[in-house]
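# Observations on chain architecture
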Amino acid sequence: MTLKVDIQERENELVGKGTIDGIVPFYFKDQGHRWMVRIGPKWILKQNEASVEPSPSPLTARSKMYWAIAQYRNHARDHALGSA
């Protein structure tokens, strides 16, 4: 898996835009108390955080991105196995 993402720090949020595997569009937004990832045209994951960081860090954001990509891959695998 290859994630290429440009992370921009904005006021109280981080936004990451890029691709997975060189072709699948990837979008990430972290506002500290909540974050979301959109992969491809339809797959979206949204999470609320119990503990709120004053402002999201790039290191924490990358961990969330990789966790979300793993969820996306699991979903795709499970969907492929279910339709086989």
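Residues numbered from 1 in each chain as written. Predicted model: local features only at pLDDT ≥ 70, side-chain atom pairs only at ≥ 80, totals over all residues. Heavy atoms only, no water.

### Thoughts on the pairing of strand β1 (residues 3-10)
Pairing between β1 and strand β2 (residues 13-20): eight bridges, direction antiparallel. When the bridges of β2 are listed, Glu9 appears paired with Leu14. Hairpin geometry of β1 and β2 is characterised by an intervening segment of two residues between the two adjacent antiparallel strands and by a positive phi of about 60° at Asn12. (Pairing = 2+ DSSP bridges. Helix = DSSP H or I, 4+ residues; strand = E, 2+ residues; numbered from the N terminus.)

### Digging into the packing of aromatic side chains
Counted by the stated rule, this structure contains three aromatic pairs. With centroids separated by 6.2 Å and ring planes inclined at 75°, the aromatic side chains of Trp35 and Trp67 adopt a geometry described as edge-to-face. In this pair, Trp35 sits in strand β4 (residues 34-39) while Trp67 sits in helix α1 (residues 58-83), placing the two residues 32 residues apart along the sequence. Overall, Trp35 belongs to the buried group, its relative accessible area being 5%. Through a chain of ring-to-ring contacts, the aromatic side chains of Phe28, Trp35 and Trp67 assemble into a single cluster. (Phe/Tyr/Trp six-rings, centres within 6.5 Å; stacked < 30°, edge-to-face > 60°. Buried < 20%, exposed > 50% of the residue type's maximum accessible area, 1.4 Å probe, protein only.)

### A look at the environment of Asp30
Within the secondary structure, Asp30 is located in strand β3 (residues 24-30). Sequence separation between Asp30 and Gln71 is 41 residues; the distance between their C-alpha atoms is 17 Å. Every residue in contact with Asp30, bar those within four places of it in the chain, is listed here: Asn12, Glu13, Leu14, Trp35, Pro56, Ala61 and Lys64. A polar atom in the side chain of Asp30 sits 2.8 Å from the backbone nitrogen of Gly32. (Contact = heavy atoms within 4.5 Å. Polar contact = N/O pair within 3.5 Å; in protein donor to acceptor, adjacent residues only side chain to side chain.)

### Considering the pattern of salt bridges
In a structure, side chains of opposite charge can pair up when their charged atoms sit close to one another. Taken as a whole and judged by the stated rule, the model has four salt bridges. Two residues, Lys64 and Asp30, come together in a salt bridge whose shortest N-O distance is 2.9 Å. Of this pair, Lys64 sits in helix α1 while Asp30 sits in strand β3, placing them 34 residues apart in sequence. Judged by relative accessible area, which is 10%, Lys64 ranks as buried. Among the residues examined, Asp30 registers a relative accessible area of 0% and is labelled buried. As a salt-bridge pair, Arg77 and Asp78 come within 3.1 Å of each other at their nearest N and O atoms. Overall, the relative accessible area of 44% leaves Arg77 in the partly exposed class. With a relative accessible area of 44%, Asp78 lands in the partly exposed category. (Salt bridge = Lys/Arg side-chain N within 4 Å of Asp/Glu carboxyl O.)

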